[in-house]
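# Commentary on secondary and tertiary structure
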Amino acid sequence: MKETSQSRRAVQDIRSQFPILTQKINGRDLIYFDNAATSQKPSVVIDKIKNYYEKENANIHRGVHSLSQEATTAYEQARHKISSYLNAKSDSEIIFTKGTTDGINLIASSFGELLNPEDEIIISAMEHHSNIVPWQLLESRKKIKIKVVPIHKTGEIDLEAFENLLNEKTKLVSITHISNSLGIINPIKEIIRKSHVVGAKVLIDGAQSVQHEKIDLQELNCDFFVFSGHKVYGPTGVGVLYGKSELLNIMPPYQGGGDMIEKVSFEKTTFNVLPFKFEAGTPNIVGGIALGTAFDFIDSLNFEQCQVHELELLRYAEAQLNAIPTIKIFGTSKNKTSVISFNVGDIHPFDIGTLLDKQGVAVRTGHHCTQPIMDFYQIPGTIRVSFGIYNTKDEIDLFVAALNKSIQILS
Amino acid sequence: MNYTEKQNAIIEDFSLFDDWMEKYELIIDLGKEIEMIPNQDKRDEQLIEGCQSRVWLKSNYKDGKMFYFADSDAIITKGIISLLIKVMNGEEPKTIAKEDLFFIKEIGLQEHLSPTRANGLVEMVKRMKLDAIKNY
Ligand SMILES: Cc1ncc(COP(=O)(O)O)c(C=O)c1O
C-alpha cells in the first residue's frame, strides 16, 4: 500500500495545522499515537482561545454590556454549530458539559431519579469506567439492577446475549459507540432499534466516535449521546450531552445555581428552559466557543478522505505488527477504527511503553480505564496505539522500528 | 561503602552512557538479576498495586540491619527496584529512615518515582522506609 502524492499532500496540509507535531520528545520528533486519549489541537482552536481572552472575555447570559452580549452570541453560535453538525432537532437539545464523564453522571443523576427499584440498566463488558461507575452509584442509591452484555473473544459485542437481556424492566441501555481500548465499532443502530422495541431509552457514549464517524443524531434516533471536546480537536474541560427534548424536559435538574433558574424565591423556585436548565453556574465559556471552532475545523476537512486515511493507517500498522511473531492483537473484528491494542509475548506493556517513549513514540499502556476487558482477556493491560488524521505511514515505520528495538532489548 | 558512597557509585555507572536507551538496557539487565520472591511465596500484604505495574516487597530485619526482597511484573520497574535494594540492603534502619536517597534523581529516573507514574515505586520506597522505622 503506497500513498499517492495527492493524499500525502493532504495529510501534510493537515499536519501543518497542528503546531505540537513539530515538538521534540527526548530529542526526537514526536510521534503521537495516543489519539484515543486526547487529540491534538489545530491552530484555529488555539488561536480562538487566545483571542477570546485577549479581546472577547465576559460573562454570558447576564450582562447588558456589549462584550457580554458578544460572548453570549459566540457561545450560542457554537452550540448551534455543534447542533447542526450532529443534526439534532434543536439547539436546545445540546447541553454543554465538562465532558463524557460529566454527561453520563448527569444522566445517571437526573434520568436516574425517574427510575424505580428493580428497573434495569444494560451496559456492555467493553465500557469505559465512566460508563460503569455512575450506574453502580445509582444501583446503590435507587436499588436498580445493572445487566452486563458480554463480548466475544474478537472483542465484538454478543448481540444474542444482548437481546436475551432486554425486557420490559429495561429502562436504559448505555453503550459505547466505539471501544476505547479495542477500537471495535458497535452496531448501535441495531442496538437502538431493539432497545426501543421494549421501551428502553438508549444512551450512546460517543467519546471515541465523533472524530471517526459522521454522526446524524436524528437518524441514529438514540435518546442521549455524550462526548468530550478534547478528543475531537477541541479543548479539555468541555463536552456535550445531547438529549431528546421530550426526555430532558421531564428530567429533574442536575445541579442548582445561576443560569438554570427562571425565578428564585424562598417559597418556590422555577427552572429555566432547555438547555439552560442543565447548565448551572458560569460555564466553560471559552471551552464551548473553541469547541464550536473545532467543529468548524472538522467541517473544513474532507471527512471521508480522512476516514480512508485512518483506515489505511490501521491496515498498514496491523500488517506490520502481525509480521512480528510474538505480537498478539486484542480486538480482531474487521469493524474497527484506527486503534490497535496489543501485547508482545509476555513482556509487560509498561516496559514497551517506557522504551517507546524514550524513542519519541507516545502510546498508551495499561488498562485504558476498562479493567473488565483486561480481566476478560486475563492480561494486566495492553499497549494501545491510536492514529489520527495527521499521522502518516512513515511514522508507523518509525514506530515499528522503535518497537522492534524495544522487543530486542527486553527479550 | 556507606550509603552515600553506594549511591555515588551508581551515579558513576550511569554517567558512562549519554544515550537513554543504553541507560535503560542497564536497568533491564539489573532487572533480570534481582533476587525475586518466588511466585508461591508472594503474599497479598506484600503487594503494592500500581496502575501500570505491580510490586511485591518483603522486608527482613537481621542483626541490626535491613534486608529487602522485591519483585515486579514489569522489568524496568524491577531494575529500578534492584538499584534501590543495592543501596539499602545491609544498612541500619536509622540510615534508611533518615538519610537522603538522592541517586534516583541524579541519574534522571525521578519520573519513575513521581506519584503520577503509578507504577508502585513511590509507595514501595515509602514502605521500605516505614519498615526500617519499625526496627529502630
Ligand atoms: C469510550 C470512552 N468513554 C468515556 C471516556 C471518558 O471521557 P472523559 O475523560 O473525557 O470524560 C473516554 C475517554 O477516555 C472514552 O474513551
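It should be noted that the structure appears before, not after, this text.
Conventions adopted
Residues numbered from 1 in each chain as written. Chains lettered and ligands numbered in written order. Predicted model: local features only at pLDDT ≥ 70, side-chain atom pairs only at ≥ 80, totals over all residues. Heavy atoms only, no water. Near = heavy atom within 4 Å. Polar contact = N/O pair within 3.5 Å; in protein donor to acceptor, adjacent residues only side chain to side chain. Areas by Shrake-Rupley, 256 points an atom, 1.4 Å probe, with all protein chains shown as cover. Nonpolar A, V, L, I, M, F, W, Y, C, P; charged D, E, K, R; others polar. Axes fitted to C-alpha atoms, helices over the stretch in contact; angles between N-to-C directions. Helix = DSSP H or I, 4+ residues; strand = E, 2+ residues; numbered from the N terminus. Parallel < 35°, antiparallel > 145°, perpendicular 65-115°, else oblique. Contact = heavy atoms within 4.5 Å. Buried < 20%, exposed > 50% of the residue type's maximum accessible area, 1.4 Å probe, protein only. Pairing = 2+ DSSP bridges. Buried area = accessible area lost by both parts, 1.4 Å probe. Salt bridge = Lys/Arg side-chain N within 4 Å of Asp/Glu carboxyl O. 1 Å grid on protein atoms, 1.4 Å probe; cavity = no way out; pocket = protein on both sides within 12 Å on 5 of 7 lines; lining within 4 Å. Points joined across faces, edges and corners; volume = space filled by probe spheres on them. Domains from an automatic or database assignment.

### A look at the site of the ligand
Residue and element names in this part refer to chain A. Around the ligand sit Thr 100, Thr 101, His 128, Ser 130, Thr 176, Asn 180, Asp 205, Ala 207, Gln 208, Ser 228, His 230 and Lys 231, and that is every residue in its neighbourhood. Contact distances for the ligand include 2.5 Å between a nitrogen atom and a side-chain N or O atom of Asp 205. Residue Ser 228 places a side-chain N or O atom 2.6 Å away from an oxygen atom belonging to the ligand. Within the complex, the protein chains bury 84% of what would otherwise be the 400 Å² of accessible surface of the ligand. Considered class by class, the residues forming the shell around the ligand number one nonpolar, nine polar and two charged.

### Re the packing of helix α12 (residues 349–358) of chain A against helix α3 (residues 75–88) of chain B
When two helices pack together, you describe them by how their axes are tilted relative to each other and by the distance separating the axes. Interaxial distance between α12(A) and α3(B) falls to 7 Å at its minimum, and their mutual angle equals 85°. When the interaxial angle is binned, α12(A) and α3(B) end up roughly perpendicular. Facing α12(A), whose interface residues are Phe350(A), Asp351(A), Thr354(A) and Leu355(A), α3(B) presents Ile75(B), Ile76(B) and Thr77(B). Partitioned by chemical class, the residues of the contact of α12(A) with α3(B) number four nonpolar, two polar and one charged.

### Side note on the pairing of strand β14 (residues 339–344) of chain A
Residue and element names in this part refer to chain A. Burial within β14 is extensive, with six of its six residues counted as buried. Taking every second residue as pointing to the same face, both faces of β14 are buried, with Val 339, Ser 341 and Asn 343 on one and Ile 340, Phe 342 and Val 344 on the other. With four bridges connecting them, strand β13 (residues 327–330) and β14 associate as antiparallel partners. Considered in β14, the bridge of Phe 330 is made with Ser 341. Of the pairings in the sheet, the one linking β14 to strand β17 (residues 382–386) comprises four bridges and is antiparallel in character. Across the sheet, residue Ile 340 finds its bridge partner in β17, namely Val 385.

### Brief notes about the interface of chain B and chain A
Counting from both sides, the interface comprises 19 residues of chain B and, opposite them, 15 residues of chain A. For the pair chain B and chain A, the two sides together bury roughly 1,500 Å², of which 63% comes from carbon and sulfur. When the buried area of chain B at its contact with chain A is split by residue, Met21(B), Gln52(B) and Ile76(B) rank highest and sum to 38% of it. Across the chain B-chain A interface, the total number found is four residue pairs in polar contact (both at pLDDT 80 or more). At the level of elements, α2 (20–33) and α3 of chain B are the ones that each hand at least two residues to the side of chain B that touches chain A. Ranked by residue count, the leading element in the side of chain B that touches chain A is α2(B), at six residues. Considered class by class, the residues forming the side of chain B that touches chain A number eight nonpolar, five polar and six charged.

### Quick look at the side chain of Arg15(A)
Residue and element names in this part refer to chain A. Tracing the sequence through the fold places Arg 15 in helix α1 (residues 5–15). A polar contact of 3.3 Å, which involves the side chain of Arg 15, links it to the side chain of Glu 395. Setting aside residues no more than four positions away along its own chain, Arg 15 makes contact with Leu 21, Tyr 390, Asn 391, Thr 392 and Glu 395.

### A closer look at the pattern of salt bridges
Residue and element names in this part refer to chain A. Following the criterion strictly, the structure yields 26 salt bridges over all chains and no others. Two residues, Lys 194 and Glu 190, come together in a salt bridge whose shortest N-O distance is 2.7 Å. Here Lys 194 and its partner Glu 190 are both found in helix α7 (residues 188–197), four residues apart, which amounts to about one turn of the helix. The shortest N-O distance in the salt bridge between Glu 318 and Lys 336 comes to 3.8 Å. A residue pair is termed long-range when its members are at least 10 positions apart, and Glu 318 in helix α11 (residues 303–322) and Lys 336 in the loop between β13 and β14 qualify at 18 residues. Sharing partners across several salt bridges, the network here consists of Glu 76, Arg 79 and Glu 279.

### Re empty space enclosed by the protein
Following the criterion strictly, the structure yields two cavities of 30 Å³ or more and no others. Built from parts of two domains, the lining of the largest cavity gets at least three residues from each of domain 1 (5–32 + 301–410) and domain 2 (46–300) of chain A.

### Structural notes on the pairing of strand β3 (residues 65–72) of chain B
Residue and element names in this part refer to chain B. Here strand β2 (residues 54–62) runs beside β3; their pairing, made up of eight bridges, is antiparallel. Paired with Leu 57 across the two strands is Ala 70, which belongs to β3. Hairpin connection of β2 to β3: two residues between the antiparallel strands, including Asp 63 at a positive phi of 50°.

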